[in-house]
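Listed below, chain by chain, are the residues.
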Amino acid sequence: MNEKSKITFNDDLIRRALQIDIESVEPPAADIMWRNIEACLDSVPAPLKKTTPIRIRYAALAIAACLLLVFGGIGLVRVVQFDFPASEFSAEEEIIALGEEERLEKSDLAESGAAEAPVVAADGSETEMVTVVEFKEGSAKDQITAAVSPPTEEAAMPLWPATLGKVHFFSEEIVLPPVEEGPLRVALYTGPDHDLLLVSSNTAQEDSSGFVEKISLQMQFPINDIQYKDGNLFFAAGGYNGLVFQHDGMTWAILAPYSTINKEQLINLAAPFR
Amino acid sequence: MEPQQISTLVEINNNESRRALFEAYNRRTFAIAYNILHNRENAEDITQDAFIKAFQNLHQLKDKTKFGAWLAVIATNLARNHLKREKKVIYTDELPEIRDQSEIMDTEAEALHSLELARVRTAVRALSPDHYQVIVLQFFDNLKIEEIADLLKVNPGTVKSRLFRAKQKLAEALELD
């Protein structure tokens, strides 16, 4: 290395070199440059701070409100369905029609055995005539009641709860192929991370391990493992972890994918039933 | 210019105050751009653009006393982007002459005339825009690592690493010359 390259290199040297370099540069004519800058600043308005336009805000609010109404409505309908199941409707209920009797022809009334009876107000005066109609099978009114009444078979369906563990919502019932020993009923619940299956025997309470075998057969899930722990029967079948429990005189099971759920979580999901 | 004075001018932000800021920082901003681009015409354009951008975005400047350093960051960024667009660097211009040699001779005569200093200047001018930027902010504006990081909107670790590499480049350039 020659003598030229052996220099004392330190921060102070850099500082002085920079200072000289910057101070030694001859700047262009300031007036011309300033005039250009001024002209540019005058012609181009200063950029405003980024704000969301009011229209977009209103649109976002409207969309949010619509979504709330739609999903809120769906949730409400499901809750109502769960609380007031269709099976509570009676096919033989008596219909009292006020003001509609004018539309009925007299012959129809005679055939259907309608009787007129006065409605008596609290003060004892007659206020209005009420026609009590008993519908007979095959009559025109019977078609109306038939449409309202659910089929008797559906009355036996298990009432699927609207939610499981607060984040899983009832999605649909899965219909399994019919079998002699009584088909299982399966419902799919969807959640943010994974889906759940809720299985019901829909018959009398049955043996837990037998129920697991039934699940395996009917759902074609090969059983990998069955174990009792702390009074619970856990099983693993077809990529799912499952828990069997008894509720309301029936045998139930919750199944969830292996990777997403553990035994503790299964117990928590089944807790509201027990 | 005193920091308080700079802060007041930035705060006022009218035509007169902008003119005063321009007068105060025109030379150094042009020099910074010129040292990166090595072309007077391009450096003029970049200086002009840097002032326009700075004046249009003065509300974004947190510490008003750091106007000069902030302007330097804008200028170096614009110069770097210009180089990227052009995709070529032409080192055509010679090192500028020292402006007032007699004045400097009185104060730092020996140092200024030494070969060492000239070689350091050459090495500094050869730095990449990113390295030149941190070197200017630390050694010319005397900013701390955290202040540089804040201005560049990067982590202090990134600033340290850039400074280390810049110094390494300088050391290499000086030894290999």
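Conventions we followed
- Residues numbered from 1 in each chain as written.
- Chains lettered and ligands numbered in written order.
- Predicted model: local features only at pLDDT ≥ 70, side-chain atom pairs only at ≥ 80, totals over all residues.
- Heavy atoms only, no water.
- Helix = DSSP H or I, 4+ residues; strand = E, 2+ residues; numbered from the N terminus.
- Contact = heavy atoms within 4.5 Å.
- Areas by Shrake-Rupley, 256 points an atom, 1.4 Å probe, with all protein chains shown as cover.
- Buried < 20%, exposed > 50% of the residue type's maximum accessible area, 1.4 Å probe, protein only.
- Pairing = 2+ DSSP bridges.
- Expected span 1.5 Å × (residues − 1).
- Phe/Tyr/Trp six-rings, centres within 6.5 Å; stacked < 30°, edge-to-face > 60°.
- Patch = residues over 30% accessible without salt bridge, like charges linked within 9 Å, V, L, I, M, F, W, Y side chains within 5 Å.
- Salt bridge = Lys/Arg side-chain N within 4 Å of Asp/Glu carboxyl O.
- Axes fitted to C-alpha atoms, helices over the stretch in contact; angles between N-to-C directions.
- Parallel < 35°, antiparallel > 145°, perpendicular 65-115°, else oblique.
- Left-handed = near helix turned anticlockwise from the far one by under 90°.
- Nonpolar A, V, L, I, M, F, W, Y, C, P; charged D, E, K, R; others polar.

A. Region of the structure containing the overall build of chain A. Of the regular secondary structure elements, chain A holds 7 helices and 11 strands. Sequence separation of 24 or more characterises 47% of the internal contacts of chain A that already satisfy a separation of 6 or more. For chain A, the computed accessible surface area is about 17800 Å², with 56% contributed by carbon and sulfur atoms.

B. Main features of the overall build of chain B. The number of helices and strands found in chain B is 9 helices and 0 strands. Traced from its N-terminal end to its C-terminal end, chain B shows the element sequence α-α-α-α-α-α-α-α-α. The buried share of chain B, reckoned over its 177 residues, is 48%. At a minimum sequence separation of 6, the contacts of chain B that also span at least 24 residues come to 63%.

C. Representation of the environment of A:Tyr228 in the model. Residues and elements named next belong to chain A. Mapped onto the fold, Tyr228 is located in strand β8 (residues 223–229). In sequence terms Tyr228 and Ser209 are 19 residues apart; their C-alpha atoms lie 9.9 Å from each other. Setting aside chain neighbours within four positions, we find Tyr228 in contact with Ser208, Ser209 and Leu233.

D. The pairing of strand β5 (residues 168–174) of chain A, seen in detail. Residue and element names in this part refer to chain A. The sheet contact formed by strand β4 (residues 163–164) and β5 spans 2 bridges and is antiparallel. Within the sheet, the bridge partner assigned to Leu164 lies in β5 and is His168. Taking the residues that link successive antiparallel strands as the turn, the β4-β5 hairpin has 3 residues, and the phi of Gly165 there is positive, at about 60°. Of the strand pairs in this sheet, β5 and strand β6 (residues 185–190) are connected by 5 bridges, and their pairing is antiparallel. Pairing of Glu172 across the sheet is with Leu188, part of β6.

E. View of helix α1 (residues 11–24) of chain A. Across its 14 residues, α1(A) extends 20 Å between first and last C-alpha, which sits within 8% of the 20 Å expected from 1.5 Å per residue. Residues of α1(A) that are buried: A:Leu13, A:Ile14, A:Ala17, A:Leu18, A:Ile20, A:Asp21, A:Ile22 and A:Ser24.

F. Molecular detail of the packing of aromatic side chains. A full pass over the atoms with the stated rule returns 11 aromatic pairs over all chains. A centroid spacing of 6.2 Å and a plane angle of 85° characterise the contact between A:Trp34 and B:Phe55, whose relative ring orientation is edge-to-face. In this pair, A:Trp34 sits in helix α2 (residues 30–43) while B:Phe55 sits in helix α3 (residues 40–56), so the two residues belong to two different chains. According to the relative accessible area criterion, B:Phe55 is buried, its value standing at 3%. Judged by centre distance (4.9 Å) and plane angle (70°), the ring pair of B:Phe22 and B:Phe51 falls under edge-to-face. Here B:Phe22, found in helix α2 (residues 15–37), pairs with B:Phe51, found in helix α3; they are 29 residues apart in sequence, far enough to count as distant. Judged by its relative accessible area of 0%, B:Phe22 is buried.

G. Inspection of a nonpolar patch on the surface at higher detail. There is a patch of nonpolar side chains on the surface, built from A:Ile63, A:Leu67, A:Val70, A:Phe71 and A:Ile74 and spanning about 490 Å² of accessible area. Its location among the elements puts A:Ile63 in helix α3 (residues 54–83).

H. Quick peek at the packing of α2(B) against α3(B). Residue and element names in this part refer to chain B. At their nearest, the axes of α2 and α3 sit 8 Å apart, and the two run at 135° to each other. Viewed along their axes, α2 and α3 adopt a mutual orientation that is oblique. The two elements α2 and α3 cross, and the hand of that crossing is right-handed. For the pair formed by α2 and α3, the contact residues are Arg18, Leu21, Phe22, Tyr25, Asn26, Thr29, Phe30, Ala33, Tyr34 and Leu37 on the first element and Arg40, Asn42, Ala43, Glu44, Ile46, Thr47, Ala50, Phe51 and Phe55 on the second. For the contact of α2 with α3, the per-class residue count stands at 12 nonpolar, 4 polar and 3 charged.

I. Fine view of the sheet that holds strand β7 (residues 195–200) of chain A. Residues and elements named next belong to chain A. Here 8 strands make up an open sheet; going across it, the order is β4-β5-β6-β7-β11-β10-β9-β8 and the pairing antiparallel. For this open sheet the edge positions go to β4 and β8, each flanked by a neighbour on one side alone. Here β6 pairs with β7 via 6 bridges, running antiparallel. Across the sheet, Tyr189 pairs through a bridge with Leu196, a residue of β7. Those strands touched by helix α6 (residues 208–219) are β6, β7, β8, β9 (232–237), β10 (240–247) and β11 (250–257), and its axis lies near 160° from that of β8. The sheet strands contacting helix α7 (residues 263–270) are β4, β5, β7, β8, β9, β10 and β11, and the helix crosses β10 at an angle near 35°.

J. Quick peek at the packing of α1(A) against helix α7 (residues 129–140) of chain B. Running from N to C, α1(A) and α7(B) cross one another at 100°; their axes reach a closest spacing of 9 Å. Put simply, α1(A) runs roughly perpendicular to α7(B). Packed against α1(A), whose contacting residues are A:Asp11, A:Ile14, A:Arg15, A:Leu18, A:Gln19 and A:Ile22, the element α7(B) presents B:Tyr132, B:Ile135, B:Val136, B:Gln138, B:Phe139 and B:Phe140 at the interface. For the contact of α1(A) with α7(B), the per-class residue count stands at 8 nonpolar, 2 polar and 2 charged.

K. Region of interest: α6(A). Residues and elements named next belong to chain A. An ideal rise of 1.5 Å per residue puts 16 Å on 12 residues; α6 measures up with 16 Å between its terminal C-alpha atoms. When α6 is considered as a whole, its buried residues turn out to be Ser208, Phe211, Val212, Lys214, Ile215, Ser216, Gln218 and Met219. Phi turns positive, to about 55°, at Gln220, one or two residues after α6.

L. Quick peek at the pattern of salt bridges. Taken as a whole, this structure holds 11 salt bridges over all chains when the rule is applied. A:Asp11 is the partner of B:Lys167 in a salt bridge, and the nearest nitrogen-oxygen pair spans 3.2 Å. Here B:Lys167, found in helix α9 (residues 156–176), pairs with A:Asp11, found in helix α1, and the two come from separate chains. The salt bridge partner of A:Glu173 is A:Arg185, with a shortest N-O separation of 3.3 Å. Taken together, the residues A:Glu173 in strand β5 and A:Arg185 in strand β6 connect sequence positions 12 residues apart. By relative accessible area, A:Glu173 is classed as partly exposed at 22%. Via salt bridges that share partners, A:Asp31, B:Arg19 and B:Glu23 belong to a single interconnected network.

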